[in-house]
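Understanding the architecture of this molecule
One-letter residues, chain by chain:
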Amino acid sequence: MPDSGERTLAGIDLFASLPQEDRQALEQRCHWRKFAANEQIIDRQSETRDVFFVVRGKVRVVDYSLSGREVSFDDIAQGGSFGELAAIDKQPRSANIVALTDTIVAILPPSIFIRVVTEHPAAALALMQRLAQIIRAATERIMDLSTLGAHNRVHAELLRQAGDSTREDGTAVIQPIPIHADIASRVSTTRETVARVLSDLARDGIVKRESGALVILDVDRLRTMVEQFKGQ
């Protein structure tokens, strides 16, 4: 059980608009759990409908192919939430959730979660924005899988991880340095392919390793490498 000082929803994005007294009342309705790194939080086969809020740590949304290959969909950091879909549509879980680091979650029964977003329009809007982000990310992923080869999917993933960090000189930094297996699971390829792509990019002067980070030396060039194949 987390310490009392850790049992707070103050940092949860979905509840940012709630009055303090409402948020504190909600905290009393939550169950609180600690999970160790690599521990499973949700099994896709589970019939539970609870909604989870990441109070501390980071989790990964994953599934597995019939051959056992891991496919990663998203990483959810402190302040985020997961499990909303099952609470909303009462259908089975859509993925497994695994703790990436030591993690504390608040767990809210589905009936209470639905009541909160029904009674607080700002929370409902925040939920819709969260679901819209998931749909946009899924659409982009489908487009990449449909139009890009494995090498270009790695390029596209590097751009995604760089996010909005592009600097005035056209470089960007991904920190901590991405793990080959993590990239592979996100773009449906192998670690060996990821290693070859990164080696080729380094040889061509597009990326370099630097103090625990991967520096993209020419963001525009990398983006062009992706876009020229998307357009074919």
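Summary of the structure given here.

Thresholds applied
Residues numbered from 1 in each chain as written. Predicted model: local features only at pLDDT ≥ 70, side-chain atom pairs only at ≥ 80, totals over all residues. Heavy atoms only, no water. Helix = DSSP H or I, 4+ residues; strand = E, 2+ residues; numbered from the N terminus. Buried < 20%, exposed > 50% of the residue type's maximum accessible area, 1.4 Å probe, protein only. Contact = heavy atoms within 4.5 Å. Areas by Shrake-Rupley, 256 points an atom, 1.4 Å probe, with all protein chains shown as cover. Lys, Arg positive; Asp, Glu negative; His and termini not counted. Charge placed at Lys NZ, Arg CZ, Asp CG, Glu CD. Core = buried A, V, L, I, M, F, W, Y, C linked by side-chain atoms within 4.5 Å. Axes fitted to C-alpha atoms, helices over the stretch in contact; angles between N-to-C directions. Parallel < 35°, antiparallel > 145°, perpendicular 65-115°, else oblique.

Topic: the overall build of the protein
For the protein, the helix and strand inventory stands at 8 helices and 11 strands. With respect to the three principal axes, the spread of C-alpha positions in the protein is 55 × 40 × 35 Å. Burial statistics for the protein: of 232 residues in total, 41% are counted as buried. If you take every contact in the protein between residues at least 6 apart in sequence, the share linking residues at least 24 apart comes to 72%. Surface accessibility of the protein: about 12,700 Å² in total, with carbon and sulfur atoms responsible for 50%. Side chains of the protein carry 29 positive and 32 negative charges; the gap between the two charge centres is 3 Å.

Concerning the nonpolar core
By size, the foremost hydrophobic cluster in this structure holds 23 residues, and its most contacted members are Leu158, Leu201, Ile216 and Leu222. Secondary-structure elements contributing two or more residues to this core are helix H5 (150-162), strand S9 (172-174), helix H6 (180-187), helix H7 (191-203), strand S11 (213-216) and helix H8 (219-230). Trp32, Val55, Ala106 and Val116 belong to the second largest nonpolar core, which has 22 residues in total.

Details of the environment of Ser111
Topologically, Ser111 is positioned in helix H3 (residues 110-119). Linking Ser111 and Ala87, residues 24 residues apart in sequence, is a C-alpha distance of 7.8 Å.

Regarding the packing of H6 against H7
Contact geometry for H6 and H7: axes closest at 8 Å, N-to-C directions at 110 degrees. One finds that H6 runs roughly perpendicular with respect to H7. Here H6 contributes His180, Ala181, Ile183 and Ala184 to the contact with H7, which in turn contributes Arg191, Val194, Ala195 and Leu198.

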